[in-house]
Amino acid sequence: GRAALRQLRQSLLQHAPDRAFSVLQETGYASGEEVYRAFSAWLPEGAGLERPEDIDAAYLNDVLSDFFRSSGWGTLTIAPLGGAALAVDSSDWAEAEPGTAQMPMCFFSSGMLADFLGRLSGEPVAVMEVECRSKNDGRCRFLSASPETLQRVYEAMTQGQSYGEALGAR
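As the structure is a prediction and not an experimental result, all values here were calculated from the model.

What counts and how
- Residues numbered from 1 in each chain as written.
- Predicted model: local features only at pLDDT ≥ 70, side-chain atom pairs only at ≥ 80, totals over all residues.
- Heavy atoms only, no water.
- Pairing = 2+ DSSP bridges.
- Helix = DSSP H or I, 4+ residues; strand = E, 2+ residues; numbered from the N terminus.
- Axes fitted to C-alpha atoms, helices over the stretch in contact; angles between N-to-C directions.
- Contact = heavy atoms within 4.5 Å.
- Left-handed = near helix turned anticlockwise from the far one by under 90°.

A. Here's a closer look at the sheet that holds strand 3 (residues 126–131). Pairing is antiparallel in the open sheet, where four strands are placed in the order 1-2-4-3. With partners counted over all chains shown, the strands left at the sheet margins are strand 1 (77–81) and strand 3, one partner each. Geometrically, the sheet is characterised by an average inter-axis angle of 30° between neighbouring strands, direction not taken into account. Here helix 4 (residues 107–121) sits on the sheet and contacts strand 2 (85–90), strand 3 and strand 4 (140–145); the angle it forms with strand 3, its principal contact strand, is near 140°. Contacts from helix 5 (residues 147–158) reach strand 3 and strand 4 within the one sheet, and its direction differs from that of strand 3 by about 30°.

Right, here's the structure in full:
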């Protein structure tokens, strides 16, 4: 639940601050398979579908939003951003603690979403949080793309570009 995840982050930041972010992301990534299994088990009752492969692309946003909301993570929307990424947005994401950070802090979720979305797409996927309610942004925004694309976005951001500019999004 939310309290356990927040306590884990707080304890890691207090006792192992130099490793906290990587531990959270690795732990999140390790949980992606279980979240995917839960999603697959939820599909018949929650969306009337037998398998993830049966989801029509036009309904992917609705199906994923219903699953994550019903699982306690929060409501999300998924939309293409530029030609090479998906934006995964939530105004009530479970891991975020509004007003507690200077940078995006949903490292567990980034790892979990990378593994989950990779399993869903059948391709390697990386996820990077670029906006976060923990730093008082209005939403948590995760970018999902190929690892190479997100590496280019990260490098462009370190050079002062916005993620939207790096992706060619308007």
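B. Expanded view of the packing of helix 1 (residues 2–15) against helix 2 (residues 20–47). As a packed pair, helix 1 and helix 2 sit with axes 9 Å apart at the nearest point and diverge in direction by 150°. Both helix 1 and helix 2 take part in a crossing whose hand is right-handed. Contacts from Leu8, Arg9, Leu12 and Leu13 in helix 1 reach Ala20, Phe21, Val23 and Leu24 in helix 2.

C. Structural view of the environment of Leu81. Tracing the backbone shows Leu81 in strand 1. For Leu81, the residues in contact, after removing those within four places along its chain, are Leu86, Ala87, Arg141, Leu143, Tyr163, Leu167 and Ala169.

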